[in-house]
Every structure is written in C-alpha cells, then in structure tokens.
Amino acid sequence: MLTVSYIRENTALVKERLTKRGFGQMDKIDEAISLDDTRKVTQNELDQLLAENNKASKEIGALFKQGKRDEATEIQQKVAANKETIKGLQATMDNTKNALNEVLYLIPNVPHESVPAGQTDEDNEVFKTGYETLPELDANASLPHWELAKKYDIIDFETGVKITGAGFPLFKGKGAQLKRALINFFLYEASEAGYLEVMPPHLVNEKSAFGTGQLPDKEGQMYHTRQPKGDDGAFVDDFYLIPTAEVPVTNIYRDEIVNEADFPIRMCGHTPCFRREVGSYGKDVRGLNRVHQFDKVEIVQIAHPDKSYDTLHEMLAHVEGLLNKLELPYRILTLCGGDLGFTSALTYDFEVYSAAQKKWLEVSSVSNFETFQANRLKLRFRNSDGKMQLAHTLNGSALALARIVACLLENHQTPDGIRMPEALKAYTRFEMID
RNA sequence: GGAGAAAUGGCAGAGUGGUCGAAUGCACUGGUCUUGAAAACCAGCGUACCGCAAGGUACCGGGGGUUCGAAUCCCUCUUUCUCCGCCA
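Residues numbered from 1 in each chain as written. Chains lettered and ligands numbered in written order. Predicted model: local features only at pLDDT ≥ 70, side-chain atom pairs only at ≥ 80, totals over all residues. Heavy atoms only, no water.

(A) Structural view of helix α2 (residues 11–21). Looking only at α2, the buried set comprises Val-14, Arg-17, Leu-18 and Arg-21. What you see down the axis of α2 is that its buried residues fit within an arc of 100 degrees, all on one side. The exposed residues of α2 that point more than 90 degrees off its buried face are Ala-12 and Glu-16. Looking at the packing, one finds that the buried side of α2 touches α1 (4–9) and α3 (27–66). Once α2 ends, the next one or two residues include Gly-22, with phi positive near 75 degrees. (Buried < 20%, exposed > 50% of the residue type's maximum accessible area, 1.4 Å probe, protein only. Helix = DSSP H or I, 4+ residues; strand = E, 2+ residues; numbered from the N terminus. Arc of directions from axis to C-beta. Contact = heavy atoms within 4.5 Å.)

Printed below as a string of structure tokens:
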C-alpha cells in the first residue's frame, strides 16, 4: 500500500496517475489525508495526557515513600479523571488508524510515468518484438497442443479431471520429463545469472499473503485451507495455497532491515502455483491455456530505489534470453493503466505466439512494485544519510510452465514429432517427442 | 496427540512492581595509538509516531486485565524447545 506521507506530499500526482488506471474512488485519497489529520490531532492530545499521568505516577511513588499519603491521594484522583479521557482518545486513535488502513488497502499503486493510458488489454503497447516473421506451420503439422498431447500421450486432461477436477492436468512420460527439464533449465539459468535458489513452502499464512498484496485484493482467487476449531468461530491450519512463488519468496524479507551494500538481492525458486480463476469460465481455457495448478520459476529482486528500473530491465533481458534459447517467437508488452495489477507500478508482459492456435499466450509478467509491497512488508534499509527507507521489490516469471509447454509443442511440431530446442536437449535427454 | 519448560534489543543474556528503553558481553560504527593491521583504550549504537524545536508517546511474543505505576502480577492466545507417542 501507499504511505500516507507519500499521498500527502504528492496528492496531485497520485490523483493524476491513478486516473490512468481508471481508479474510480478518487475520494479515498482525500479521505486518507483527513483520517491522518484526525490521527495526528488525537495522538497529540493523547500523548500530552499520558505524559501528565506518567509524571503524576512518579510523584505519587515519591510521596508514598515520604509518607505523604494525603497529597498522594489527591494526585491519584486527578490521574483517575485523566484515565477516562485517555480511554476515549485511545478508542478514537484505534478506530482512526483502522479506518485509515481500510482506505489505504483500497488504493492501488501509482503507475510509473511510462505506463500508457488505457482501459483493457487492447490498449497495451508493444515494447519490443523478439521475432522476424511469425512462424507458419506445415499443413501436416499444425495441431493445437491439446491434440498433440493426445497424439503423443504426454498430457492426460481426462485423468486429471478424475483425480481432482478440471484444470489439473496429468503429465505423463515425455510430457512429465519435459516439464522437469524446463524447471531445471530455468533454475540453472537463474542461478547462472546470480539468483539465489530457494525452495519455499507452498502454503503461506495470512500475514504473508498480506505482505505481497494478494490480500485483501485477491481473497477469492486463492485456495484457502482453514478448518474450524471447536464451535467458537476459530480456525486452525489457516493457510493459503500460493498463487505464485512471489508470495513466499518476497516474504523472506518481511520485517527485515537490509544492508544497503547487499542490494540488489536476487532470489529464484520453483513452485507449483494454485489459482482458482474465478470468473474466467469459457474464455481461453482449452488445454493448458488456463489451469488451476501450474509450475513456475519465479525471479525476485529487492533493489535500491534509485536502481530498481535498471533492475527491471535486467530481469526483462533475462527472460528474453530464456525465450531465445527456447527458440520461441515472443513480444513484450507494456501494460496500460487499466490492465496493470493492483500492486504494480510498471509491468511488462511476455507473450509467445502460439502458431497452431494463432494467438498470443502470456508466459511471463515482470513488474516493479516500487515501495508498494515493501511498505506492507516493512522491508527497509538505512540509506547513506543514516535514515530508514523502504526498499523496492520486483519479480518476474522466468518462466511459467504450462503455457510454455503449450507453445513448445505447437511451435516445434514437425510431421515426425516435436523437436526439442538445442538448449533444452541437455535437460530433456531426448531430442524428439514422437 | 500427552507431559514439562520457555519467549527481553543484530546475537547471547541479566532484570520479579516505581530511579528500566532496559545491565553486561559479543557484533557493528567513529576516534586515539600504529608504517599498516591486530590488540588495547575512548565514544556511539533499537523501531515507529507526535512536535518548528526543546521534548513527548508507544513498543520486552500477540491480545486483555489488576495497579497511581507493569518487562516484572493475573487471564488468554500463539510460537519455540525437551521428553513420550504417531509418522513421510
């Protein structure tokens, strides 16, 4: 979330930039400031009364020691009177703070100045293309991946439905091996690029889900595991299945003060990702296009605020390198204000052209969150002036598995089978799926 | 799942009702000394908020309570450790 002080100091800018997103609750900005005003005034009064009582308590102690009971009792009465007022002010304080937080939770991140205006994904701008001409498939080899999956018996959607339900595909034989090879390939490339490999938990607690901003914004999109404990409304095992490794990996640094010299902090990890995908029925859901569980290697960086946009472009280059090695035609889009995620300041999406489906599939999303996550995470560093400052967090998929598999199958199919790109052969240990 | 113990600053660890935001040691930062380093010595060293400032307030796992006054007493929750049981 944004800090109130940032909103105070940049009110006009915040409003102008949020307009780009089509943010419809602009009154929340002024509401936040006015709640913060109330908070300040209240704290001022409250602190004064508390100071009075603290002082009085010390006097009472001293008077008791001297045996001056009457004088002590007199002051006691004054303290008691203050206590009532204090209670009231404290309640006002708590309510105001809560109300302020509720308002701040509703305000999305301020888009970077380079974010194009626009409402939907149709307004996204092509930032770069990674191909010369879009591939055209041989008439004898132009099947969509769900048919290739059946033809070579490598992905079994029906059995996935039997075991769990729709959107939980079963990978078999070379299909399973291809996935494992891709994961290894991505992790190896990330390690080579200086990312520390981590294997985080796949379930996270509420604090972690809050830290990276999945809560309260995306409550309904995550699988939730809690069990009732007794009859009093309490729960045990209250966890969320991670929708991305971003959540556990970024939360490694929740409530941490890092050394400025340690920037940038680079981490990568492979995890399955679980998404309920509520509200996306019927659209682009065939085969691997949209599933409830998929694998992903995520890269995460924690960067100095002055350097985070360099970092973002470094991450972009890393993802490009992967796609080039996989010999896939891609393009990079700058997401417009309306399509930008709630927590992001600037996001680039990578799309790979799926030749058989004749459409672009999103395979990676690389974002700079600036201080939006760091503020909730309380992820800070001491700057060269000796002051505490929020760090910048960034992350990107490098890469998301299910759709990459779909693109590989479709783009590299030949009448003789599906050929593996050169860079991947060392990992798959086979050259063709046939 | 059963029994017991514990939770204090970056770490270790004292503190059982007022003079405690908290001893001491280590770590860290600056300085003295040294050709340099080490050692020794001196000084500094939590976070957030309010305030132009002086200064003030809050925080000793979380929440609540007792008291004029709580790190310290009471209740409750959570977590960790040890032992037993179960188990990939």
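From this point, the discussion proceeds with the structure in view.
(B) The sheet that holds strand β14 (residues 359–370), seen in detail. Judged by pairing direction, the sheet is mixed, and its 8 strands sit side by side in the order β1-β12-β13-β14-β17-β11-β10-β4 without closing on themselves. Of all strands in the sheet, those with a lone pairing partner are β1 (125–130) and β4 (196–197), marking the two edges. Alignment of strand β11 (residues 293–303) against strand β17 (residues 392–400), held across 7 bridges, turns out to be antiparallel. Looking at the pairing, Ile-299 lines up with Gly-396 of β17. This element, helix α10 (residues 308–325), spans β1, β10 (265–274), β11, β12 (330–334), β13 (346–354), β14 and β17 of the sheet and lies at about 5 degrees to β17. (Pairing = 2+ DSSP bridges. Axes fitted to C-alpha atoms, helices over the stretch in contact; angles between N-to-C directions.)

(C) Main features of the pairing of β11. Most of β11 sits inside the fold, with 10 of its 11 residues counted as buried. Bridge analysis of β10 against β11 gives 10 bridges, and the strand direction is antiparallel. Bridge assignment links Arg-266 to a residue of β11, and that residue is Gln-301.

(D) Summary view of the nonpolar core. By size, the foremost hydrophobic cluster in this structure holds 61 residues, and its most contacted members are Leu-182, Phe-186, Leu-323, Leu-326 and Ile-404. At 8 residues, helix α12 (residues 401–411) tops the list of elements feeding residues into this core. Beyond its immediate stretch of four places on either side in the chain, Leu-182 contacts Leu-326, Leu-401, Ile-404, Val-405, Leu-408 and Leu-424. Membership of the second largest hydrophobic core comes to 19 residues, among which are Leu-2, Val-4, Tyr-105 and Phe-372. (Core = buried A, V, L, I, M, F, W, Y, C linked by side-chain atoms within 4.5 Å.)

(E) Quick look at the packing of α3 against helix α4 (residues 69–106). Running from N to C, α3 and α4 cross one another at 160 degrees; their axes reach a closest spacing of 8 Å. By the angle between their axes, α3 is roughly antiparallel relative to α4. In this structure, the crossing between α3 and α4 has a hand that is left-handed. Looking at the contact of α3 with α4, its residues break down into 20 nonpolar, 10 polar and 11 charged. (Parallel < 35°, antiparallel > 145°, perpendicular 65-115°, else oblique. Left-handed = near helix turned anticlockwise from the far one by under 90°. Nonpolar A, V, L, I, M, F, W, Y, C, P; charged D, E, K, R; others polar.)

(F) Molecular detail of the protein's contact with RNA strand B. Neighbouring RNA strand B are 18 residues; Arg-39, Gln-43, Ser-57, Lys-83 and Arg-382 lie closest to it. Here Asn-54 contributes a side-chain N or O atom positioned 3.2 Å from a phosphate oxygen of RNA strand B. Within the backbone of Ser-57, an N or O atom sits 2.7 Å from a base nitrogen of RNA strand B. Where the surface near RNA strand B is concerned, the elements lending two or more residues are α3, α4 and β15 (380–382). Broken down by element, the surface near RNA strand B gets its largest block of residues, 11 residues, from α3. Of the residues assigned to the surface near RNA strand B, the class counts are 5 nonpolar, 6 polar and 7 charged. (Near = heavy atom within 4 Å. Polar contact = N/O pair within 3.5 Å; in protein donor to acceptor, adjacent residues only side chain to side chain.)

(G) A look at the pairing of β12. For β12, the tally of buried residues reaches 5 of 5 residues, placing the bulk of the element in the interior. Because side chains alternate across β12, one face comprises the buried residues Tyr-330, Ile-332 and Thr-334, and the other comprises Arg-331 and Leu-333, equally buried. As judged from the 5 bridges shared by β1 and β12, these two strands associate in the antiparallel manner. Residue Lys-128 lies in a different strand from β12, and its bridge partner there is Ile-332. In terms of strand pairing, β12 meets β13 through 5 bridges, oriented antiparallel. Bridge pairing in β13 links Thr-334 to Tyr-348.

(H) Quick look at the pattern of salt bridges. Taken as a whole and assessed by the stated rule, the structure comprises 19 salt bridges. The partner of Asp-153 in a salt bridge is Lys-172, with the nearest N and O atoms 3.2 Å apart. Linking Asp-153 in the loop between α5 (145–151) and β2 (155–156) with Lys-172 in the loop between β3 (170–171) and α7 (174–192), this pair joins segments that are 19 residues apart in sequence. For Lys-172, a relative accessible area of 26% corresponds to the partly exposed category. Of the charged contacts, one joins Lys-425 and Glu-422 as a salt bridge, the two residues approaching to 3.1 Å between their closest N and O atoms. The exposed category is assigned to Glu-422, whose relative accessible area is 55%. Counted as one network, the salt bridges with shared partners bring together Arg-8, Asp-36, Asp-37 and Arg-39. (Salt bridge = Lys/Arg side-chain N within 4 Å of Asp/Glu carboxyl O.)

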